[in-house]
Amino acid sequence: MLMACPRSLRQRRASGGQGHGFTLVEMMVAIAIIAVLLALAAPSMREMIEMRRLRAINAQLVTDLQYVRSEAIARRAYGRIEFNVDPTLPLTCYTIYTAIDSLKGCDCNLGAGKACKDNPGAVEIRTVQVPKSTATVIGIPGVRGVRESLMWTVGFEAAMGSLVGLLVDTNPQPLAGYAIDTRIDAARSMRIMLSQSGRPTVCAPAGSRVELPPCP
């Protein structure tokens, strides 16, 4: 008994049994096109990742500033945020903590849980380290040189959370304002402005292309 040969099989036999596929040349051309597309997409992808990281670090810093201010009021102690933005180190960092009658600061380079170990009068709340390998650094505008940049500190007084600037709790000096930068470079930088009341706002410093209100 003879069975009917499927049409597709008959067609393949008629064409010599050859199926459609890619030649080596076609595959090489396709690979070359994909490589070009990936090369074109890589810089924009890297910039997108860096910008997301920049915004995330800046947002965390704003949250921490608000938190230490509220903790200063709640605990009836001076709240502080202490930076180390030494350009010779592989990271920038800060520690937020509260202190009562303490003349010592905290060292964020020691890491979380250890930053205030040499300051028994301080209560560490959070320590954040930002490796420079992330492309984002934290800085204080106007700082020039390692000596100036070491251990910058700003505080919030216990009654209203207003801005103060001295480490010495017995005689804190009110501050009219304070600025902190998070940046990748001049074109990709964000600035946190602390008002005299201690409240933070975010703006774009001169030369920045980040979509934010320009800093005053």
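Values in this document were obtained by computation on a predicted structure and should not be read as measured data.

Looking at the protein chain, the pLDDT average stands at 83 and 78% of residues meet or exceed 70. No element of the protein chain has a lower mean pLDDT than helix α1 (residues 7-14), at 50, and none a higher one than strand β9 (residues 200-203), at 97.

Scanning the model with the defined rule gives six salt bridges in all. The salt bridge involving R188 is made with E50; its shortest N-O contact spans 2.9 Å. Within this pair, whereas R188 is found in strand β8 (residues 188-195), its partner E50 is found in helix α2 (residues 24-75), the two being separated by 138 residues in sequence. Both residues of the pair, R188 and E50, count as buried. As a salt-bridge pair, D118 and K117 come within 3.4 Å of each other at their nearest N and O atoms. Judged by its relative accessible area of 55%, K117 falls in the exposed class. What you see here is one network of salt bridges that share partners, running through E50, D185 and R188.

A separate point is the state of the cysteines. Applying the stated criterion to the full structure yields three disulfides. Disulfide partner of C93: C108, at an S-S distance of 2.0 Å. Torsion about the S-S bond of the C93 and C108 cystine: about 65°, corresponding to right-handed handedness. With C93 in strand β2 (residues 91-99) and C108 in the loop between β2 and β3 (122-131), this residue pair connects regions lying 15 residues apart in the sequence. Comparing C93 with C108, the two get one shared label, buried. In this model C106 forms its disulfide with C116; the gap between the sulfur atoms is 2.0 Å. For the disulfide bridge between C106 and C116, the dihedral angle about the S-S bond is near 110°, and by the sign convention the bridge is right-handed. One end of the pair, C106, is in the loop between β2 and β3; the other, C116, is in the loop between β2 and β3, with ten residues separating them in the sequence. C116 carries the same exposure label as C106, and that label is buried. Along the protein chain, the cysteines engaged in disulfide bonds are linked according to the scheme 1-3, 2-4, 5-6 when indexed in sequence order.

Thresholds applied
- Residues numbered from 1 in each chain as written.
- Predicted model: local features only at pLDDT ≥ 70, side-chain atom pairs only at ≥ 80, totals over all residues.
- Heavy atoms only, no water.
- pLDDT = per-residue confidence, 0-100.
- Helix = DSSP H or I, 4+ residues; strand = E, 2+ residues; numbered from the N terminus.
- Salt bridge = Lys/Arg side-chain N within 4 Å of Asp/Glu carboxyl O.
- Buried < 20%, exposed > 50% of the residue type's maximum accessible area, 1.4 Å probe, protein only.
- Disulfide = S-S within 2.5 Å.

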